Amino acid sequence: MKWLTKFLTSTIGMKVLMAATGLVLFGFVVVHMVGNLQVFLGEHTYNHYAQMLQGNPEIVWIARMALLGAVVAHMYSAVVLTLRSRAARPKGYKVKK
């Protein structure tokens, strides 16, 4: 477990975490879009999808918690990586105009 903590606190680990959480968030958008596009397949299909979601509140709450965790982890890694980047090079590159 120590290696995992060491990896996730490294810059590469933070970037992997940010990429993984970004994929989770993108996956949610795609799944949500596919669910909503079922309205074009007919009333019966869309109602079945809605009843499936309402009939399984455990799945909905697990998805909500996973999304919340992904958003928090994504934002945390973005802030940490930005601060590390600024600390590594406090003065910007020289730009010729």
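Quick caveat: nothing in here was measured; it's all calculated off a predicted structure.

Draft legend 1. Geometry of the layout of surface pockets. The calculated volume of the largest pocket comes to roughly 340 Å³. The wall of the largest pocket is formed by Phe28, Val31, His32, Asn36, Tyr49, Leu53, Ile59, Val60, Ala63, Arg64 and Leu67. When contributions to the lining of the largest pocket are tallied by element, the ones reaching two or more residues are helix H2 (11-37), helix H3 (43-55) and helix H4 (57-88). The leading source of residues in the lining of the largest pocket is H4, at five residues. Residues of the lining of the largest pocket, tallied by class, amount to eight nonpolar, two polar and one charged.

Draft legend 2. Local environment of the packing of helix H1 (residues 2-9) against H2. Closest axis-to-axis distance for the H1/H2 pair is 4 Å, and the angle between their directions is 85°. Between H1 and H2, the crossing angle belongs to the class labelled roughly perpendicular. Between H1 and H2, the residues in contact are Phe7, Leu8 and Thr9 and Thr11, Ile12, Gly13, Met14 and Val16, respectively.

Draft legend 3. Expanded view of the environment of Ser10. Note that Ser10 resides in the loop between H1 and H2. Owing to a relative accessible area of 25%, Ser10 belongs among the partly exposed residues under this scheme. C-alpha of Ser10 to C-alpha of Gly27: the two residues are 17 residues apart in sequence and 25 Å apart in space. At 2.6 Å, the side chain of Ser10 and the backbone oxygen of Phe7 are in polar contact.

Draft legend 4. Quick look at the packing of H2 against H4. Between H2 and H4, the least distance of the axes is 9 Å, while the angle of their chain directions is 145°. Classified by chirality, the crossing of H4 by H2 is left-handed. Each of Thr11, Met14, Lys15, Leu17, Met18, Thr21, Gly22, Val24, Leu25 and Phe28 in H2 lies in contact with H4, whose residues at this interface are Leu67, Ala70, Val71, Ala73, His74, Tyr76, Ser77, Ala78, Val80, Leu81 and Arg84. Of the residues belonging to the contact of H2 with H4, the class tally is 14 nonpolar, five polar and two charged.

Draft legend 5. Spotlight on the confidence of the model for the protein. A residue-level look at the protein finds 100% of positions with pLDDT of 70 or above and a mean pLDDT of 93. Ranking the elements of the protein by mean pLDDT puts H1 last with 88 and H2 first with 96.

Draft legend 6. Quick peek at the packing of aromatic side chains. In this structure the tally under the stated criterion is zero aromatic pairs. Between the NZ or CZ atom of Arg64 and the centre of the ring of Trp61, over which it lies, the distance is 4.5 Å. Over the face of the ring belonging to Tyr93 we find Arg89, whose NZ or CZ atom lies 3.9 Å from the ring centre.

Definitions and cut-offs
- Residues numbered from 1 in each chain as written.
- Predicted model: local features only at pLDDT ≥ 70, side-chain atom pairs only at ≥ 80, totals over all residues.
- Heavy atoms only, no water.
- 1 Å grid on protein atoms, 1.4 Å probe; cavity = no way out; pocket = protein on both sides within 12 Å on 5 of 7 lines; lining within 4 Å.
- Points joined across faces, edges and corners; volume = space filled by probe spheres on them.
- Helix = DSSP H or I, 4+ residues; strand = E, 2+ residues; numbered from the N terminus.
- Nonpolar A, V, L, I, M, F, W, Y, C, P; charged D, E, K, R; others polar.
- Axes fitted to C-alpha atoms, helices over the stretch in contact; angles between N-to-C directions.
- Parallel < 35°, antiparallel > 145°, perpendicular 65-115°, else oblique.
- Contact = heavy atoms within 4.5 Å.
- Buried < 20%, exposed > 50% of the residue type's maximum accessible area, 1.4 Å probe, protein only.
- Polar contact = N/O pair within 3.5 Å; in protein donor to acceptor, adjacent residues only side chain to side chain.
- Left-handed = near helix turned anticlockwise from the far one by under 90°.
- pLDDT = per-residue confidence, 0-100.
- Phe/Tyr/Trp six-rings, centres within 6.5 Å; stacked < 30°, edge-to-face > 60°.
- Lys NZ or Arg CZ within 6 Å of the ring centre and 35° of its normal.

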